[in-house]
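Spelled out, the chains give:
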Amino acid sequence: MTPETDPERARALARRFEQRAGCAPEGVWAAPGRANLIGEHTDYNAGFALPFGIEQRARVAVRRRPDPRLRLWSEQAGTIELSLSDLRGQRISGWAAYVAGAAWAAIEAGADATGFDLLLDSDVPMGAGLSSSAALECATLAALAELWNFPRSPLELARLAQRAENQVAGVPCGLMDQLAAMCARPAHVLWVDFEAVSFTPLELPLAEAGLELLVVDTRAPHQLADGAYAERRQACQQAARALGVEALRHADLESLGRAELSPEWRRRARHVISENARVLRAVEILREAGPAARLGRLGPLLSASHASLRDDFEVSVPHLDVAQAAAEAAGALGARLMGGGFGGSVLALVPRAARDAVAGAVLDAFGEHGWAAPALFSVRPAAGAERVL
Ligand code: GLA
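If you're wondering where the values come from, they're calculated on a predicted model, not measured in any experiment.

Tell me about the sheet that holds strand E13 (residues 386–387), and please be specific about residues and values.
Strand order in this open sheet of six strands is E5-E4-E6-E3-E1-E13, and the pairing throughout is mixed. Each edge of the open sheet carries a strand with a single partner, namely strand E5 (78–83) and E13. In this structure, strand E4 (residues 69–74) lies alongside E5, joined through six bridges in antiparallel fashion. Counterpart to Arg 71 in the pairing with E5 is Glu 81. Against the sheet, helix H1 (residues 6–21) touches strand E1 (27–36), strand E3 (51–64), E4, E5 and strand E6 (116–122), its axis set at about 140 degrees to E6.

Spelled out as structure tokens, the structure:
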């Protein structure tokens, strides 16, 4: 967390907006990056996950314009000018694609669009697997839903944000990141059922349990991420078809054992089936009486998730494996790669007293490999998209 409080940050952003645009914004909206306790590559298989919003957020100050122009400024990444008519069909690259995509999805959903000025300030690290893009899409959609006067539920807005990412940014992601950024609750993870497209907030009393969730942003370059993600999705679909089910959510290890599948599809399906079971076990742990005392039991599930993502789903890379192993060896109760894989972050469940030892061990391990130091910070479940000024 930055020393600045959220309202101060929003007011400062509004002042900087005014300096650029010449008048005050109509409001400031924010949406969080997302972490995920467990449940990876399950969203597009109609399965389960336990994501949450984090305190790092994308904030947008916005004001409507009387013309169809879009002036988009980022504190971190430059300026783009567009027109509403550019949103259809034109490939927009970089951070502006997420704002443009959100506007496009809102227009497709029937919003009465006007041009707008928007200033972005985000402290969600990029490329860390913490969905800085979903944070921006969701902050923008929260703003436009109000300014363009098209009221929608947070879940509906999350689906529009996903459309933006799929269609305009061109990433074939599932719904997890956008759902978390829109619907997150402080101090809770969301138990999401991606078939019903519904969620139940479950309390995560980390502090009472003396635990922290430590993120290791490996800063490993993302390689082949988009192509490999699409390829994994396809393999899952084909495996489901071969197993005679609509989605891998409905397959089980027994029928997988009997089925004739290529070794690769078998491994992919085994990950999804076992990961769904781990999520449901984690839900039981969170729901059992006296959850604070029992939270440590989540640790082995996290580490099993990592092994499955590494060996069966094959989305890990050396930086992630080294961070995971070093964290565990130094006292983490469990750790796993988080998000799509091929780079990004490891999430470790760490007793508060072991935090420094774990952080030091990960830094040493990266040093021994001659790799640049990773970024290390704790995350806590925080609120979903909201108006902050
Ligand atoms: C990325 C995608 C999500 C999800 C995860 C893996 O973050 O955007 O939809 O599939 O990977 O769990």
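Once you've had a look at it, read on.
Pulling in residues and values, what's your account of the site of the ligand?
By nearness alone, every residue bordering the ligand is listed as Arg 34, Glu 40, His 41, Asp 43, Tyr 44, Cys 173, Gly 174, Met 176, Asp 177, Tyr 229, Gly 339 and Gly 340. For the ligand, an oxygen atom lies 2.7 Å from a polar atom in the backbone of His 41. Between an oxygen atom of the ligand and a main-chain N or O atom of Gly 174, the distance comes to 2.9 Å. For the shell around the ligand, a count of residues per class yields four nonpolar, four polar and four charged.

Now, about the packing of aromatic side chains: what can you tell me, with residues and values included?
Aromatic rings in a pair are described by how distant their centres are and how their planes are angled relative to each other. For the structure shown, the criterion picks out five aromatic pairs. Note on Tyr 44 and Tyr 229: the rings are 5.4 Å apart at their centroids and 70 degrees apart in plane angle, and the pair reads as edge-to-face. Here the residue Tyr 44 occupies a position in the loop between E1 and strand E2 (48–49), and Tyr 229 occupies one in helix H6 (residues 225–243), the gap between them amounting to 185 residues. With respect to class, Tyr 44 is no different from Tyr 229; both count as buried. Between Phe 48 and Trp 191, the ring centres sit 6.2 Å apart and the planes meet at 40 degrees, which makes this aromatic pair tilted. With a gap of 143 residues between them, Phe 48 in strand E2 and Trp 191 in strand E7 (residues 188–193) connect regions that are remote in the sequence. Side by side, Phe 48 and Trp 191 carry an identical accessibility label, which is buried.

An account of the pattern of salt bridges is needed here, citing residue identities and associated values.
Per the stated rule, a full pass over the model turns up 34 salt bridges. Across the pair Arg 69 and Glu 81 runs a salt bridge, and its minimum N-O distance is 2.6 Å. Of this pair, Arg 69 sits in strand E4 while Glu 81 sits in strand E5, and the two are twelve residues apart along the sequence. You can call Arg 69 partly exposed: its relative accessible area is 34%. The partner of Arg 281 in a salt bridge is Glu 288, and the shortest N-O contact between them spans 3.8 Å.

Summarise helix H12 (residues 355–368); cite the residues concerned and give the values.
Taking 1.5 Å of rise per residue, the 14 residues of H12 would be expected to cover 20 Å, and the 20 Å separating its terminal C-alpha atoms lies within 8% of that figure. Every buried residue belonging to H12 is among Val 358, Ala 359, Val 362, Ala 365 and Phe 366, and all of these are buried. The arc that holds the buried residues of H12, viewed along the axis, is 130 degrees, so those residues lie on one side. For H12, the exposed residues lying more than 90 degrees away from the buried face are Asp 356 and Glu 368. Where H12 is buried, its residues touch strand E9 (211–217), helix H11 (318–329), strand E11 (345–351) and strand E12 (375–379). Gly 370 sits one or two residues past H12 and shows a positive phi near 75 degrees.

Help me get a handle on the pairing of E1, residues and values and all.
The buried fraction of E1 amounts to ten of the ten residues, a majority that puts the element mostly inside the structure. Strand direction decides the pairing type here: E1 and E3, joined by nine bridges, are antiparallel. Note on E3: the bridge partner recorded for Ala 30 is Arg 59. Strand direction decides the pairing type here: E1 and E13, joined by two bridges, are antiparallel. Bridge pairing links Ala 30 to Glu 386 in E13.

Explain the environment of Ala 332 residue by residue, including any values.
Here Ala 332 shows up in the loop between H11 and strand E10 (334–338). Assessed through its relative accessible area of 9%, Ala 332 is described here as buried. Separated by 88 residues in the primary sequence, Ala 332 and Gly 244 place their C-alpha atoms 40 Å from one another.

What counts and what doesn't
Residues numbered from 1 in each chain as written. Predicted model: local features only at pLDDT ≥ 70, side-chain atom pairs only at ≥ 80, totals over all residues. Heavy atoms only, no water. Pairing = 2+ DSSP bridges. Helix = DSSP H or I, 4+ residues; strand = E, 2+ residues; numbered from the N terminus. Contact = heavy atoms within 4.5 Å. Axes fitted to C-alpha atoms, helices over the stretch in contact; angles between N-to-C directions. Near = heavy atom within 4 Å. Polar contact = N/O pair within 3.5 Å; in protein donor to acceptor, adjacent residues only side chain to side chain. Nonpolar A, V, L, I, M, F, W, Y, C, P; charged D, E, K, R; others polar. Phe/Tyr/Trp six-rings, centres within 6.5 Å; stacked < 30°, edge-to-face > 60°. Buried < 20%, exposed > 50% of the residue type's maximum accessible area, 1.4 Å probe, protein only. Salt bridge = Lys/Arg side-chain N within 4 Å of Asp/Glu carboxyl O. Expected span 1.5 Å × (residues − 1). Arc of directions from axis to C-beta.

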